[in-house]
Amino acid sequence: MSDIFAFNGATNSGYAQPAALLGDAEAAEGIPLSMRRAALPQWPRASEPELVRHFTWLSRRNFGIDTGFYPLGSCTMKHNPRVNEKIVQLAGINDLHPLAPESHLQGLMSIFYEMQEMLAHCAGMDEVTLQPVAGAQGEFAAIRCIQEYHRSNGEDNRDKVIVPDSAHGTNPASAAMCGYEIIEIPSGEDGRLDIEAIRAVVGDDTAAMMVTNPSTLGVFEPEIAEASEIVHAAGGQMYYDGANFNAILGKTSPGLMGFDAVHYNLHKTFSQPHGGGGPGSGPIGVKSHLAQYLPKPVVDRTEKEDGLDGWKYFWRVPINSIGKVQQWHGNAGAVVRSWAFYRRYGRELEKMSEHAVLNANYLRHRILNPSAEVIAKIPAMPVDGAPAEIVKHEFTLSMSPFKDATGVTGKDVAKRLLDYGYMAPTLYFPMIVPECLMIEPTETESKEVLDKFAEDFLNILTEDPELVKNAPHSTDVGRVDEVWAARNLVLRHPLGN
Amino acid sequence: MVDHLPNLGREAEMLQAMGLSSMDDLFSDIPNSIKRVDPLDLPLPQTEEEIWADAQRLLSVNVPINSRPNFLGAGLYENFVPSMVAAMATRGEFLTAYTPYQPEVSQGMLQALWEFQTMISELVALPISNVSMYDASTAAAEALTCAIRVHNRKAEQKNVVYVTKWLPEQRLSVMQNYTAGGDIEIKTLDWNDEGMIDLVAAEAASGSCAVYVEQPNPFGIIDENIPKLKQIIGDNCALIVGVNATSLGLIEAPGNWGADIVVGEGQAFGIGATAGGPLYGLFACTEKYLRQMPGRIVGKTIDDKGNDAFTLTLSTREQHIRRHKATSNICSNETLIALMGGMHMALLGPTGLERLALRNAAACQVARKGVLSLEGVELVFSNSSSYNEFTVVLPGSAKSALSYLDSIGVTGGLALEDTTLQASEKWLHITTTDQTTEDDVNALVDGLNSWISSFVTGVES
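The residue numbering used here restarts from 1 in each chain and proceeds along that chain's sequence as written. Labels are handed out in written order, letters beginning with A for the chains and numbers beginning with 1 for the ligands. Under the rules for a predicted model, residues below a pLDDT of 70 receive no local features and side-chain atom pairs below 80 are neither given nor counted, while totals for whole chains, interfaces and linings still include all residues.

Caption draft 1: Up close: the overall build of chain B. Here a helix means four or more residues in a row that DSSP labels H or I, a strand means two or more in a row labelled E, and each is numbered from the N terminus. For chain B, the helix and strand inventory stands at 12 helices and 13 strands. In terms of its C-alpha atoms, chain B occupies a principal-axis envelope of roughly 85 × 55 × 50 Å. Out of the 461 residues belonging to chain B, those deemed buried represent 62%. Within chain B, counting contacts between residues at least 6 apart in sequence, those at least 24 apart form 73% of the total. Note on burial: count the other C-beta atoms lying within 10 Å of the residue's C-beta; 20 or more is buried, 12 or fewer is exposed, in between is partly exposed, and C-beta positions come from the backbone. Throughout, a residue-residue contact means that the two C-beta atoms, derived from backbone geometry, are no farther apart than 7 Å.

See below:
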């Protein structure tokens, strides 16, 4: 194992620096003696050659989309175009200060404006802010806007947010951070929104309902317009979790479904790389009645002859803005990457969604309809998480029948997939599907990859159950003991202590 | 014609395999009443070459802070990130990975983040660090709510936190949003005439859940009173300290003088100011706050054969398990930028950190001396110390000075009146960093001098 704290190649520093403007003693004069640091942190003492090898070694022990198929449901692990990385290295984005005069930021602000307009158009919303830096922060910001909207209407009594039991965990967590009581409603037996369940809980205390559509089961909610009507009739607002937006661009929109507010995950739909857990970007779009509450500022523009392409861009503060959710203007770097991604498709973004849905349905078909010969070898086939003729960009499988027949769990199958060179699907989510595997291939996988994955997946179901239960076998480490980690809590390097 | 869709032109074959006849069949589950009728009204698709050209065209209109003498900072700093960092962090295995939910194939990222946690722990002298918050402000805001979860039960002032009087307006705004749902009252901690926390007034914070201060403070002053706060507020009130990360190469680590939670902006290590994001917020704390803290944490563990391994741990605090009872809604964070920060810190090493801090401190001394030599310019708090930044009172409007400086190619800093609470229109916030040169300082001092001359003679530009 390569240990970054064990290097000794740099007794001083691995990185030589230019001389300071003053000698050390004089430079330090600004720091009161009582506050001077007594002992420096024990950071690594490594040279660049050693570190390059260390981080290259680490990278080879990590699996990304570039490594192989990454069917992680709900996460939209599509290809990340490399030119987008090249663009954000430009000084014209990398070395900008958000508080610089507007005249220093016109190019960036034009990209912001174009993104605001594009996102609003695709979702059927009236205004967009790019400030939230993650999907969860978008949810939080939008629910705060809705909260202020109700308050300004004198409806402080609306203290409940309705969330289906299939929702992403961030939905109830974000609404709870705004102080709302969460009313979780059960899905229908078919995994869809249960209209009667909504009717049973809405009332004059309803602030909002948060819905993902297509749902986390990957199926379109056919009664979504009716759900919106019911919530609106009770005076509540409809919030659209845009995690699954990749399925519907150009086909329908949250606006058409009756939603008032939506967040976008630029790190899903618009290919901001996930980076091992971030950065993301979670802009929100709202209908006009909520626009005055959006976080400040948004980009606006006015005609100007000698401006950039005839425009002068400026920051505008919505009149009843909730203020800031991030200190600056959001993850501008992610916005620029997503702009480069969207420009590649332009008006044909619809094709992106078509192919995401084509691939998901094709893979689902391949897995659930193998030849009789293959079926004969499998103790029990997985079943649909939610019955549906057509799914959208992802689908769920319940491995329950297989578990009952063999003792092999969904988790075991997921771990065995790692041996075959795949990332595991999303596991045990949504919680309403027992032994759930959630699979999202995205539009950037070829038919050959999907065929091979289906074949390998089904092959795993024919393997010796003991082999699968102890998987993975060929990864850098064997099955990791998460309980040991939580019991022992070794959260940093002991550094020789 | 779009690219990056490997199955373009093979739709019929794939549809046929499923017994479908058209792409429309794939969307037959969307009711007609809510189907989009018109195609998207967007421009034609572009090729990579066209996108690259337009990106260069638009972004070259911007004025990067390192393209001219720059004194704008205020929490985001002009820096130089060693080339190794982007080269390593953009390796596809790091860049294109999701959160390491499958540790068996994510050991690289997990280990790198565990190393990052260790480096942050060392930097601030607290035992625990998470793998990042969104930025310094969200880290500070979530530190307040974390402290309330830990201390509210025993607190005499329930749901009350105190924050330092002079704060950037944006940071206070983030705090207000993050505390809006909890009926939390944010009270103010006063300053004395020397630009430091008023220790007598601070006694009012005793019995509350948390005190939030910054070291150096937002004016760049190193506050010698802050280390005395912990004794005043006691054990059942969290001392939360916001830090300027590079300053810790010279200034004593807050964990060594009573801080319970340390937050701050990590940006100076790892990434340029990037128009305000992506950045990464630091969040470190003592064991007392561990189970109430927000964000992801990596722990060392073993695999089924007893070999060393790493994994995400303490997930039961998090939204995907605990849902509305989670300690935070944070899911996507700023992992890749934290990774870049870790790489930068590892390359610097202990003495490199000290050297970087000395370069910052030196530039600040030189700039401060130069600016204060000007007629009618003085520090807002006289005789105060400074690191990276200082705030002066000008003989006229700071906006007018900045506008003049901009016209001669100098980004002079920040007029505080719009961005900092209760600030005067004459207050100019000046930031220097390790990137500031003698020439930069001369340009600023000469520019301010010209502006003052025109101002004094009444021919304001």
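Caption draft 2: Here's a closer look at the interface of chain B and chain A. Listed per partner, the contact involves 168 residues of chain B and 172 residues of chain A. Counting residues per element, the side of chain B that touches chain A draws most heavily on helix H10 (residues 335-372) of chain B, which supplies 25 residues.

Caption draft 3: How the structure looks around helix H6 (residues 136-151) of chain B. Over its 16 residues, H6(B) runs 22 Å from end to end, which matches the ideal 22 Å to within 8%, given 1.5 Å per residue. Where burial is concerned, most of H6(B) is hidden: 15 out of the 16 residues are buried. Under the convention used throughout, the expected extent of a helix is 1.5 Å for every residue step, that is, one less than its residue count.

Caption draft 4: Spotlight on the nonpolar core. All names here are of chain B. Ranked by internal contacts, the top residues of the largest apolar core, which has 322 residues, are Ala147, Val211 and Ile240. Ranked by residue count, the leading element in this core is H10, at 21 residues. The residues contacting Ala147, other than those within four sequence positions of it, are Val161, Cys209, Ala210, Ala238, Ile240 and Ile261. Linking buried Ala, Val, Leu, Ile, Met, Phe, Trp, Tyr and Cys residues through C-beta atoms within 7 Å yields a set, and such a set is a nonpolar core.

Caption draft 5: View of the sheet that holds strand E2 (residues 160-164) of chain A. Residue and element names in this part refer to chain A. Spatially, the seven strands line up as an open sheet ordered E1-E7-E6-E5-E4-E2-E3, and their pairing is mixed. The open sheet has two edge strands with one neighbour each: strand E1 (127-129) and strand E3 (181-185). When the angles between neighbouring strand axes are averaged without regard to direction, this sheet yields 20°. Bridge count between strand E6 (residues 261-264) and strand E7 (residues 284-286): three bridges; the pairing is antiparallel. The residue of E7 that forms the bridge with Val262 is Gly285. Angular values range over 0 to 180 degrees, each being the angle between N-to-C directions of two axes fitted as lines to C-alpha atoms, with helices fitted over their stretch in contact. Against the sheet, helix H9 (residues 224-233) contacts strand E4 (206-212) and strand E5 (237-242), and its axis sits at roughly 165° relative to E4. Two strands pair if DSSP finds at least two bridges between them.

Caption draft 6: Summary view of the sheet that holds strand E7 (residues 281-285) of chain B. Pairing within the open sheet is mixed, and its seven strands lie in the order E1-E7-E6-E5-E4-E2-E3 (chain B). Single-partner strands in this sheet number two, and they are strand E1 (128-129) and strand E3 (185-189) of chain B.

Caption draft 7: Just the domain arrangement of chain A, in detail. Where each domain starts and ends comes from a domain assignment, either automatic or drawn from a database. Each assigned domain of chain A is listed with its residue range as follows: domain 1 (4-60), domain 2 (85-348) and domain 3 (350-482). A straight line from the C-alpha centre of domain 1 of chain A to that of domain 2 of chain A covers 42 Å.

Caption draft 8: Expanded view of the packing of helix H13 (residues 349-368) of chain A against helix H17 (residues 447-460) of chain A. Residue and element names in this part refer to chain A. Axis separation between H13 and H17 bottoms out at 9 Å; the angle between their running directions is 35°. The hand of the H13/H17 crossing is right-handed. Counting all contacts with H13, which are made through Asn359, Tyr362, Leu363, Arg366 and Ile367, the residues of H17 involved are Leu450, Asp451, Phe453, Ala454, Phe457 and Leu458. Note: crossing handedness is left-handed where the near helix turns anticlockwise from the far helix by less than a right angle, and right-handed where it turns clockwise.

Caption draft 9: Spotlight on the pairing of E2(A). All names here are of chain A. With five of five residues buried, E2 is to be regarded as a mostly interior element. Taking every second residue as pointing to the same face, both faces of E2 are buried, with Lys160, Ile162 and Pro164 on one and Val161 and Val163 on the other. Relative to E3, E2 runs parallel, the two being bridged by five bridges. The partner of Val161 across the bridge, within E3, is Ile182. Looking at chain direction, E2 and E4 are connected through three bridges and run parallel. Bridge pairing in E4 places Ile162 opposite Met209.

Caption draft 10: Structural context of the domain arrangement of chain B. All names here are of chain B. Domain parsing of chain B yields domain 1 (69-77 + 349-456) and domain 2 (84-344). Of note, the centres of domain 1 and domain 2, computed from C-alpha atoms alone, are 28 Å apart. Mapped by element, the contributors of at least two residues to the side of domain 1 that touches domain 2 are H10 and strand E11 (389-393). In terms of residue count, the dominant contributor to the side of domain 1 that touches domain 2 is H10 (seven residues). Side-chain classes follow a simple rule in which Ala, Val, Leu, Ile, Met, Phe, Trp, Tyr, Cys and Pro form the nonpolar group, Asp, Glu, Lys and Arg form the charged group, and the remainder, Gly included, forms the polar group. A breakdown of the residues in the side of domain 1 that touches domain 2 according to their chemical character gives 13 nonpolar, nine polar and two charged.

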